[in-house]
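# Examination of the molecular architecture
Next come the chains, spelled out residue by residue.
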Amino acid sequence: MATTYTPLLELPKHDPTGPFDITKINEGFDLIDTGMAKAYRGKFVINKLTNSDFRKQYFIAQAGLNGLHGTTKYVGDCWISWDADATVTDEYTTIGSAIEQRFYMTDAEANTEHTAVLYMADGTKKFHVGKPASGFGLQSTIYCNVTDAAEKKYYARIGGGQSVKHAALFPGAYTADTLPEYQPKGYAAELAECLRYCQIIPALTHIPGVTNSDTSFGAKYQIAPMRIAPSVSIASGKSISIYTGDYSATTEKYTLQYATNPSQITLSVALTAGSFVAYKPGMLTLPVDIVLSADL
Amino acid sequence: MGFEYKPYGVYIKTDTQNRITSINSSAFLHDVSGWMKIDEGYGDRYHHAQGNYLPKPKMDERGILRYMAAPVAEWPEREALHRFTNKGVEWAVYERTQEEMDADYTPPVAVPDGSMEGLTKEVAALRESNAQLQEALDLLLSGEVDE
């Protein structure tokens, strides 16, 4: 009797009237393995890169494209850019000079094979397989290596001059046949991850607080919990405004201090000359963005 | 162009009396002229230095600066929070005493009560004293002329 095959995965079916054929059974299992890998590829794979959808409406850049977090330029959140700016379009981003994302890995993870993939604007895929602990990939495409082994900090770097649609770092070794398709995490998940590393309080936000004395005003501002207590970066040389109902002023003559914990920042303004009435509620506005950075 | 992993520097700024007015990391300072470097290294402690070097807030609730930086030789008996080298001389960060901080504080001048209630009270008090003065004046100016 001729061998028949299942309709979808074309698995060979054992002839019920014939002798027991172990070869056909093993061939069937091999086909199941490959078939299921192809059928389910990309559905349950974790992409370890954050903000890796480089299409304009999905790419998060809280400080603006090629904006600054402190003195460091970022193409967008979590992607450090050293030099030339990247340009972002609806369908892809053209990298200027190389960009880099840093992340933590345990020793066990870093010594496991990973696949780094670039999904290019023209539809092709460039991928490399290796262990982050020993470095793998190409500087001209995508490269993964250790930044600081003691800190367990690693990086993925995308080479300059490329037009990239998506990027991914998957645990496991994939081949051209089994390479997962890009799975967007969704804007909400990406934004939540990005907020752990950087947040911007926009200029002229009304920050409520209270006067402590004739020269002192304090305010607390709640933020979504960040990776660690962030550093605060405020452009200097600008006037601040404080309005307390009794007193309204825009002044450059002040000292500003800020204390942070991962979920809250405390701003304290000390005027050089006393003008407040103590223990009055008031409002503070700054003319520039407040950049909170917990970047790696 | 290559990526260079330079260590982050931790810097402080002081006023003319060596009181610390600011502390920050080189990651967030565009221009470090006028700042003093107190530490250097890789990692979060140096990258995000603001919350990692001074145990208490930089100012108290009155806005008075709490810390100072000075040569160790000038304050041998005071506990140094962090030591560093500045132009070949050993310096340290110290917490200022309560007396030193109080000496910087100017208590607020009493502000007149501008509320309607305060004004009403003041007007009533002025009317009262005015009436009393008027009565006293009348007594002084009045009198019978002896024929």
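The following paragraphs examine the structure supplied in this document.

Procedures and definitions
- Residue numbers restart at each chain and count upward from 1, following the sequence in its written direction.
- To label them, take the chains in the order written and letter them from A, then take the ligands in the order written and number them from 1.
- Note on the predicted model: pLDDT of at least 70 is required for a residue's local features to be given, and 80 or more for side-chain atom pairs to be given and counted; whole-chain, interface and lining totals, by contrast, use all residues.
- Values reported for side chains reflect all heavy atoms of the structure, with hydrogen atoms and water molecules removed beforehand.
- Should any heavy atoms of two residues lie within 4.5 Å, those residues are counted as being in contact.
- A 1.4 Å probe defines the accessible area here, and the buried area is the portion of it lost by two parts on being joined, summed over both.
- Whenever Lys or Arg places a side-chain nitrogen within 4 Å of a carboxyl oxygen from Asp or Glu, that contact is recorded as a salt bridge.
- Contacts described as polar in this section are N or O atom pairs within 3.5 Å, which, within protein, must combine one atom able to donate a hydrogen with one able to accept it, while residues neighboring in sequence count only if both atoms come from side chains.
- All residues other than Ala, Val, Leu, Ile, Met, Phe, Trp, Tyr, Cys, Pro, Asp, Glu, Lys and Arg, Gly among them, are scored as polar; the first ten of these are nonpolar and the last four charged.
- Each helix corresponds to a stretch of at least 4 residues labelled H or I by DSSP, and each strand to a stretch of at least 2 residues labelled E; elements are numbered beginning at the N terminus.
- Expected span of a helix, by definition, is 1.5 Å for each gap between consecutive residues, and there is one gap fewer than residues.
- Stacked, tilted and edge-to-face are the three classes assigned to paired rings of Phe, Tyr and Trp, where Trp is represented by its six-membered ring and a pair needs centres within 6.5 Å; plane angles under 30 degrees give stacked, over 60 edge-to-face, the rest tilted.
- In this analysis the charged atom, NZ for Lys or CZ for Arg, is taken to sit over a ring once it is within 6 Å of the ring centre and within 35 degrees of the ring normal.
- Points on a 1 Å grid, built from protein atoms alone, make a cavity when a 1.4 Å probe fits but cannot get out and make a pocket when they are open with protein on both sides within 12 Å along at least 5 of 7 lines; residues with an atom within 4 Å of a point are the lining residues.
- Grid points are joined across faces, edges and corners, and a volume is the space filled by probe spheres set on the points.

### Topic: the interface of chain B and chain A
In this complex, chain B contributes 28 residues to the contact, which on the side of chain A involves 39 residues. Each partner contributes to the roughly 2500 Å² buried at the junction of chain B and chain A, and carbon and sulfur atoms together form 56% of this total. Applying the counting rule to chain B against chain A returns one salt bridge. Taken together, the connections running from chain B to chain A amount to eight residue pairs in polar contact (both at pLDDT 80 or more). Partitioned by chemical class, the residues of the side of chain B that touches chain A number 13 nonpolar, ten polar and five charged.

### With respect to helix 3 (residues 116–141) of chain B
Note that an α-helix has 3.6 residues per turn; residues three or four places apart therefore point the same way. Under the 1.5 Å per step criterion, the end-to-end length of helix 3 of chain B is 36 Å for 26 residues, consistent within 8% with the ideal 38 Å. One or two positions beyond helix 3 of chain B, positive phi appears at B:G143, with a value near 145 degrees.

### Here's the deal with the packing of aromatic side chains
This model, assessed by the stated rule, comprises seven aromatic pairs over all chains. Through a chain of ring-to-ring contacts, three or more aromatic side chains come together here, namely A:F54, A:F59 and A:W79. The ring of B:Y53 carries B:R45 above its face, with NZ or CZ at 4.2 Å from the centroid. The ring of B:W75 carries the charged tip of B:R78 above its face, separated from the ring centre by 4.4 Å.

### Some thoughts on the side chain of A:T93
All names here are of chain A. By the element assignment, T93 lies in strand 7 (residues 93–94). Polar side-chain contacts of T93 include one of 2.9 Å to the backbone oxygen of F54. In contact with T93, other than residues within four places in its own chain, are F54, A86, T87, V88, Q162, S163 and V164.

### Looking at the layout of surface pockets
What the largest pocket holds in volume is close to 1300 Å³. Considering the residues around the largest pocket, the lining is formed by 39 residues, among which A:I234, A:L256, A:Y258, B:S22 and B:N24 are closest to the centre. Within the residue set of the lining of the largest pocket, elements represented by two or more residues are strand 18 (231–234) and strand 21 (254–261) of chain A together with strand 2 (20–25) of chain B. The element best represented in the lining of the largest pocket is strand 21 of chain A, accounting for seven residues. The residue makeup of the lining of the largest pocket, split by class, is 19 nonpolar, 13 polar and seven charged. The space that makes up the second largest pocket amounts to roughly 690 Å³. Surrounding the second largest pocket, 29 residues form its lining, A:T72, A:W82, B:E4, B:K6 and B:Y8 being those nearest its centre. The set of elements that each furnish at least two residues to the lining of the second largest pocket consists of strand 4 (72–76), strand 5 (79–81) and strand 12 (142–148) of chain A. Looking at the lining of the second largest pocket residue by residue, the class counts come to eleven nonpolar, ten polar and eight charged.

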